[in-house]
Amino acid sequence: MYIQRILLVTSAIFVLCAGPVLANEKDFSLPIEIGSNSQFIDGKNKTALYKDNVLITQGSLVIEADEVEVIASGGSGREIFVARGKPASYSQKLEDGNPVSAQANEIRYEVAKRTISLSGNAELRQDSSQVKGDNITFDMITEQLLATGGNQEDGKGRVTTVFTPESIRKVKKDDSNSDDGSDNDTDKSKDGKGKQQ
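Draft legend 1. Expanded view of the overall build of the chain. Each helix and strand counted, the chain has 2 helices and 10 strands in total. When its helices and strands are written in sequence order, the chain yields α-β-β-β-β-β-β-β-β-β-β-α. Within the chain, the fraction of its 197 residues that count as buried is 33%. For the chain, long-range pairs separated by at least 24 residues make up 45% of all intrachain contacts whose partners lie at least 6 apart in sequence. Just so you have it, the chain exposes about 11,900 Å², and 48% of that area is on carbon and sulfur atoms.

Okay, here's the thing in structure tokens:
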């Protein structure tokens with residue numbers, strides 16, 4: 001039942017958000033750049049460690065962290081970036097120009113899968129909606145998001161989704177524009193004589 005609630009909340013966020021969560025495809029064709037104050041590269045094991053003021057950019061995709069471990073053992077185009085911070089942050093512009101942003105104690109970016117996995121005080125924001133949980137996985141291709149709470153065994157693991165009134169108003173406006181043109185408004189009630197109350 002707990003998982004059903006998570007899926008229901010996850011479904012609701014896509015209904016109430018003003019636009020679809022779809023990353024900018026152009027970003028993934030661009031090179032990934034990493035800047036930091038120090039770096040250590042282990043060529044034999046194909047790993048690298050970047051520390052202090054780490055900045056990763058790939059087009060509009062930006063990850064900022066205290067340290068980033070890069071695992072390149074899978075080969076070129078299959079790198080995994082593990083960013084850690086208090087918190088580490090991620091942001092990107094979507095196809096429609098709207099931003100998506102996130103923060104967590106650890107952010108894992110898997111280049112080949114085009115997924116961002118957040119763990120530890122995870123929070124993802126898009127438009128005026130926000131999801132918080134212990135773990136959030138965001139698939140930038142399929143537009144799917146899965147959020148889980150912390151310790152689910154004792155019932156304390158919770159996922160929180162916040163919809164602000166502005167995003168709800170946008171959905172109502174979009175719904176009224178997609179009606180068949182009739183002037184039926186279910187929010188207004190009429191008295192027996194057909195007059196508005």
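Right, picking up where we left off after that structure.
Draft legend 2. Representation of the pattern of salt bridges. Under the criterion given, the structure shown has 6 salt bridges. The salt bridge partner of glutamate 67 is arginine 84, with a shortest N-O separation of 3.3 Å. Here glutamate 67 is found in strand S4 (residues 61-71), whereas its partner arginine 84 is found in strand S5 (residues 80-93), with 17 residues between them in sequence. Its relative accessible area of 27% is what places arginine 84 among the partly exposed residues. Between arginine 108 and glutamate 110 there is a salt bridge, with its nearest N and O atoms 3.3 Å apart. Several salt bridges converge on common partners, so that one network encompasses Glu67, Glu69, Arg84 and Glu106.

What counts and how
- Residues numbered from 1 in each chain as written.
- Predicted model: local features only at pLDDT ≥ 70, side-chain atom pairs only at ≥ 80, totals over all residues.
- Heavy atoms only, no water.
- Helix = DSSP H or I, 4+ residues; strand = E, 2+ residues; numbered from the N terminus.
- Buried < 20%, exposed > 50% of the residue type's maximum accessible area, 1.4 Å probe, protein only.
- Contact = heavy atoms within 4.5 Å.
- Areas by Shrake-Rupley, 256 points an atom, 1.4 Å probe, with all protein chains shown as cover.
- Salt bridge = Lys/Arg side-chain N within 4 Å of Asp/Glu carboxyl O.

Remember that the coordinates give geometry; whether it matters functionally is a separate question.
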